[in-house]
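Coordinate inspection notes
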Amino acid sequence: MGFSEATHARAREIIARYPAGRERSALLPLLHLVQSEEGHVTPAGVQFCAEQLGLTKAQVSAVATFYTMYKRKPTGDWLVSVCTNTMCNVLGGQAVYDALSEHLGVGHDETTEDGTITLEHAECLAACDYGPVMTVNYDFFDNVDPDIALNLVERLRAGERPQPTRGARLCTLKEMSLQLAGFADEREGAVADGPPGASTLRGVRLAQENGITVAGFDPGTPIGKPAERPAGPEKANAGAATAAGVASNEPARDASPSGQPSEPRQRNLKEAK
Ligand code: FES
């Protein structure tokens, strides 16, 4: 598809933010930009980015497929990400994910039949102190359980925009992609911030109550260059490994501590003769 004039103008604005000769650095926001128009990064979006930046489509695709925030297939207005990493998991994150998966009839990275909701497992969302957490288009809902999560997705399907626990009001994935491309949402309540919550500050409060402070740090302390630092045990070991690699004319990783090629390597060498 052809992209709108607004997207072309925004692409020019994004690229102009980078120094001459470094235009390719604009690729990440440009990918968010094409996603903001099409809902995911389509082949046309890849081509658009390549043409704007003088890259090949292979180079653009390599980046687009590396980051999970760039969606490669149609995605719902509401991307529901449930953290099932260690802390959230022990607090019930997997149960939340399983309840949503069964209720919505979709698995990881799949979209409901009505096209409204995409569900995904998420790695640690950096909010372990509020676990189990889930996000909708990257806005947080803290301390969820299966009932809270099911109620939330039903409200989304009914056209509501429930208020996240922290931060701004909910945006659709396209709206959020435009913000991630670097264009602030000017609408009221679209951008919000607040003080850290009690759970986040718990460690600081405990330290204060018990008189615990961190060691002082003088930012003026010079940091020696690598060549000036004394060789530690790691360096000595690395040296031994390198010497072994040179002696056997093989990569050092194949050497045993004795300096001889490892057993599998010896076997390979015999078979090769
Ligand atoms: S483990 Fe879930 S936010 Fe860190």
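Overview of the structure. Note that the structure is a prediction, hence the values are computed from the model and not measured.

The strand order β2-β3-β1-β4-β5 describes an open sheet built from five strands, whose pairing is mixed. Two strands bound the open sheet, and with one partner strand each, they are β2 (110-111) and β5 (139-141). Sheet analysis places strand β1 (residues 78-83) next to strand β4 (residues 134-136), joined by three bridges and oriented antiparallel. Bridge pairing in β4 places S81 opposite T135. Against the sheet, helix α6 (residues 93-104) engages β1, β3 (117-122) and β4, with an angle of about 155° to β3.

Summarising burial for β3: five of the six residues are buried, a large majority. Here β1 runs beside β3; their pairing, made up of six bridges, is parallel. Within the sheet, the bridge partner assigned to W78 lies in β3 and is I117. Across two bridges, the pairing between β2 and β3 is antiparallel. Looking at β3, one finds that T111 is bridged to T118. Between β2 and β3, which follow one another and run antiparallel, lie five residues, and G115 among them has a positive phi close to 75°.

If you look at the biggest cluster of nonpolar residues, it comprises 23 residues, and the most contacted ones within it are L30, L31, L33 and V60. Breaking this core down by element, the ones donating at least two residues are α1 (5-16), α2 (27-38), α3 (43-53) and α4 (57-64). Not counting chain neighbours up to four residues away, the residues in contact with L30 comprise A11, I14, I15, C49, Q52 and L53. Judged by nonpolar contacts, the second largest core, of 19 residues, contains W78, V96, V144 and L152.

Quick look at α2 now. With 12 residues, α2 should reach 16 Å at 1.5 Å per residue; the first-to-last C-alpha distance of 17 Å fits that figure. Judged by how many residues are buried, α2 sits mostly within the fold: 10 of 12 residues are covered. The complete set of buried residues in α2 reads L27, P29, L30, L31, H32, L33, V34, Q35, S36 and E38. Residues of α2 that are buried make contact with α1, α3, α4 and α8 (173-180). Looking one or two residues beyond α2, the residue adopting positive phi is G39, at roughly 90°.

Take the packing of α2 against α8 next. It is at 8 Å that the axes of α2 and α8 come closest, and there the two elements cross at 155°. When the axis of α2 is compared with that of α8, the two are roughly antiparallel. Handedness of the α2/α8 crossing: left-handed. Contacts from H32, L33, Q35, S36, E37 and E38 in α2 reach K174, S177, L178 and L180 in α8. When the residues that make up the contact of α2 with α8 are grouped by side-chain class, the tally is three nonpolar, four polar and three charged.

Considering all chains together, one arrives at 10 salt bridges under this definition. The closest approach of N and O atoms between D142 and R166, which form a salt bridge, is 2.9 Å. Here D142, found in the loop between β5 and α7 (146-157), pairs with R166, found in the loop between α7 and α8; they are 24 residues apart in sequence, far enough to count as distant. For E175, the salt bridge is made with R161, and the minimal N-O distance between the two is 3.1 Å. You can see E175 sitting in helix α8 and its partner R161 sitting in the loop between α7 and α8, a full 14 residues away along the chain.

Here the focus is the packing of aromatic side chains. Scanning the model with the defined rule gives three aromatic pairs in all. Relative to Y70, the ring of Y67 has its centre 6.1 Å away and its plane inclined at 85°; by these criteria the two rings are edge-to-face. Assessed through its relative accessible area of 39%, Y67 is described here as partly exposed. In textbook terms, an aromatic cluster arises when at least three aromatic residues are bridged by ring pairs, as seen for F66, Y67 and Y70. Above the ring of F183, the side-chain terminus of R17 is found at 4.9 Å from the ring centroid. Between R166 and the ring centre of F140, over which it is positioned, the NZ or CZ distance is 4.6 Å.

The rules behind the values
- Residues numbered from 1 in each chain as written.
- Predicted model: local features only at pLDDT ≥ 70, side-chain atom pairs only at ≥ 80, totals over all residues.
- Heavy atoms only, no water.
- Pairing = 2+ DSSP bridges.
- Helix = DSSP H or I, 4+ residues; strand = E, 2+ residues; numbered from the N terminus.
- Contact = heavy atoms within 4.5 Å.
- Axes fitted to C-alpha atoms, helices over the stretch in contact; angles between N-to-C directions.
- Buried < 20%, exposed > 50% of the residue type's maximum accessible area, 1.4 Å probe, protein only.
- Core = buried A, V, L, I, M, F, W, Y, C linked by side-chain atoms within 4.5 Å.
- Expected span 1.5 Å × (residues − 1).
- Parallel < 35°, antiparallel > 145°, perpendicular 65-115°, else oblique.
- Left-handed = near helix turned anticlockwise from the far one by under 90°.
- Nonpolar A, V, L, I, M, F, W, Y, C, P; charged D, E, K, R; others polar.
- Salt bridge = Lys/Arg side-chain N within 4 Å of Asp/Glu carboxyl O.
- Phe/Tyr/Trp six-rings, centres within 6.5 Å; stacked < 30°, edge-to-face > 60°.
- Lys NZ or Arg CZ within 6 Å of the ring centre and 35° of its normal.

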